[in-house]
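# Structural overview
Each chain, written out:
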Amino acid sequence: MTRYELMVILDPEIQDEELNGAVDRIKQVIADRGGSDEATEVQGRRRLAYPIKAKTDGTMVVSRFEMSGDAVAALTTTLRANENHLRTFVTRV
(Lines give C-alpha, C1' and ligand atoms only; values in the text may rest on other atoms or scores of the structure.)
Protein backbone atom coordinates (compact mmCIF):
# COMPACT_ATOMS: atom_id res chain seq x y z
CA MET A 1 0.00 0.00 0.00
CA THR A 2 1.20 3.46 -0.90
CA ARG A 3 0.77 6.60 1.22
CA TYR A 4 -1.12 9.52 -0.29
CA GLU A 5 -2.23 12.97 0.73
CA LEU A 6 -5.57 14.31 -0.43
CA MET A 7 -6.58 17.97 -0.43
CA VAL A 8 -10.18 18.88 -1.11
CA ILE A 9 -11.29 22.48 -1.49
CA LEU A 10 -14.91 22.71 -0.40
CA ASP A 11 -17.47 25.37 -1.25
CA PRO A 12 -17.06 28.21 1.30
CA GLU A 13 -20.83 28.56 1.70
CA ILE A 14 -21.10 25.12 3.31
CA GLN A 15 -22.44 25.22 6.89
CA ASP A 16 -20.67 23.64 9.90
CA GLU A 17 -23.07 20.69 10.07
CA GLU A 18 -22.60 20.03 6.35
CA LEU A 19 -18.83 20.41 6.75
CA ASN A 20 -18.69 17.60 9.31
CA GLY A 21 -20.80 15.45 6.99
CA ALA A 22 -18.50 16.24 4.05
CA VAL A 23 -15.43 15.21 6.05
CA ASP A 24 -17.16 11.98 7.09
CA ARG A 25 -18.07 11.26 3.44
CA ILE A 26 -14.44 11.78 2.38
CA LYS A 27 -13.31 9.28 5.04
CA GLN A 28 -16.04 6.84 3.93
CA VAL A 29 -15.06 7.08 0.25
CA ILE A 30 -11.44 6.30 1.19
CA ALA A 31 -12.56 3.30 3.23
CA ASP A 32 -14.92 2.08 0.46
CA ARG A 33 -12.03 2.08 -2.01
CA GLY A 34 -9.91 -0.10 0.30
CA GLY A 35 -7.83 2.66 1.88
CA SER A 36 -6.98 3.27 5.50
CA ASP A 37 -7.35 6.85 6.72
CA GLU A 38 -4.46 7.98 8.94
CA ALA A 39 -5.47 11.58 9.61
CA THR A 40 -8.05 14.02 8.30
CA GLU A 41 -8.10 17.66 9.32
CA VAL A 42 -10.06 20.73 8.35
CA GLN A 43 -7.58 23.55 7.76
CA GLY A 44 -10.26 26.20 7.55
CA ARG A 45 -11.36 28.80 5.08
CA ARG A 46 -8.68 30.33 2.85
CA ARG A 47 -8.54 32.78 -0.03
CA LEU A 48 -7.87 31.04 -3.34
CA ALA A 49 -5.09 32.17 -5.69
CA TYR A 50 -7.62 32.35 -8.51
CA PRO A 51 -11.41 31.92 -8.69
CA ILE A 52 -12.74 28.38 -9.03
CA LYS A 53 -16.38 28.07 -10.13
CA ALA A 54 -16.77 31.81 -9.39
CA LYS A 55 -15.66 31.34 -5.75
CA THR A 56 -12.70 33.30 -4.34
CA ASP A 57 -12.56 31.44 -1.00
CA GLY A 58 -12.63 27.77 -0.10
CA THR A 59 -12.58 25.49 2.93
CA MET A 60 -9.51 23.22 2.90
CA VAL A 61 -9.66 19.60 4.06
CA VAL A 62 -6.45 17.53 4.09
CA SER A 63 -6.41 13.76 4.52
CA ARG A 64 -3.46 11.36 4.71
CA PHE A 65 -4.17 7.74 3.88
CA GLU A 66 -2.81 4.48 2.49
CA MET A 67 -4.31 2.87 -0.59
CA SER A 68 -3.34 0.72 -3.54
CA GLY A 69 -2.42 2.72 -6.62
CA ASP A 70 -5.18 1.18 -8.74
CA ALA A 71 -7.93 2.56 -6.50
CA VAL A 72 -6.72 6.18 -6.51
CA ALA A 73 -8.23 7.00 -9.92
CA ALA A 74 -11.63 5.71 -8.78
CA LEU A 75 -11.30 7.72 -5.55
CA THR A 76 -10.54 10.92 -7.46
CA THR A 77 -13.45 10.36 -9.85
CA THR A 78 -15.86 9.80 -6.97
CA LEU A 79 -14.72 12.89 -5.07
CA ARG A 80 -14.84 15.17 -8.12
CA ALA A 81 -18.47 14.19 -8.76
CA ASN A 82 -19.57 15.95 -5.56
CA GLU A 83 -20.93 19.43 -6.28
CA ASN A 84 -19.57 20.87 -2.98
CA HIS A 85 -15.97 20.00 -3.95
CA LEU A 86 -14.43 22.87 -5.87
CA ARG A 87 -11.11 21.09 -6.43
CA THR A 88 -9.51 17.75 -5.49
CA PHE A 89 -5.76 17.00 -5.40
CA VAL A 90 -4.15 13.65 -4.64
CA THR A 91 -0.37 13.38 -4.24
CA ARG A 92 1.86 10.47 -3.39
CA VAL A 93 3.85 11.00 -0.20
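Our structure's up above, just so we're on the same page.
Calculation criteria
Residues numbered from 1 in each chain as written. Predicted model: local features only at pLDDT ≥ 70, side-chain atom pairs only at ≥ 80, totals over all residues. Heavy atoms only, no water. Helix = DSSP H or I, 4+ residues; strand = E, 2+ residues; numbered from the N terminus. Rg over C-alpha atoms; globule rule 2.2 N^0.38 Å. Buried < 20%, exposed > 50% of the residue type's maximum accessible area, 1.4 Å probe, protein only. Contact = heavy atoms within 4.5 Å. Pairing = 2+ DSSP bridges. Core = buried A, V, L, I, M, F, W, Y, C linked by side-chain atoms within 4.5 Å.

Moving on, we get to the overall build of the protein. In terms of helices and strands, the protein carries two helices and four strands. Ordered by position in the sequence, the α and β elements of the protein form the string β-α-β-β-α-β. Computed over C-alpha atoms, the radius of gyration of the protein comes to 13 Å, within 12% of the 12 Å expected from 2.2 N^0.38 for 93 residues, which places it in the range of a compact globule. Counting only C-alpha atoms, the protein reaches 35 × 25 × 20 Å along its principal axes. Sorting the 93 residues of the protein into buried and exposed places 38% on the buried side. In the protein, 71% of the contacts between residues at least 6 apart in sequence involve partners at least 24 apart.

Attention now goes to the environment of Phe89. Summarising the element assignment, Phe89 is placed in strand E4 (residues 85-92). As for Phe89 and Ala31, which are separated by 58 residues in sequence, their C-alpha atoms are 18 Å apart. Residue contacts for Phe89: discarding those within four places in its chain leaves Glu5, Leu6, Met7 and Ile9.

Burial analysis of strand E3 (residues 55-67) places ten of its 13 residues in the buried class, which makes it a mostly covered element. In this sheet, E3 lies alongside strand E1 (residues 2-10) in antiparallel orientation, the contact comprising nine bridges. Counterpart to Leu10 in the pairing with E3 is Thr59. Both strand E2 (residues 36-52) and E3 contribute to a ladder of eleven bridges, which runs antiparallel. Counterpart to Glu41 in the pairing with E3 is Val62. The loop that links E2 with its antiparallel partner E3 comprises two residues; one of these, Lys53, has a positive phi angle of about 50°.

Counting residues in hydrophobic clusters, the biggest one holds 18 residues, and the most contacted among them are Leu6, Ile26, Ile30, Phe65, Met67 and Leu75. Residue assignment for this core shows that the elements contributing at least two residues are E1, helix H1 (16-32), E3 and helix H2 (69-80). With six residues, H1 is the largest single contributor of residues to this core. Of all hydrophobic cores here, the second largest spans five residues; its members include Ile9, Ile52, Met60 and Leu86.

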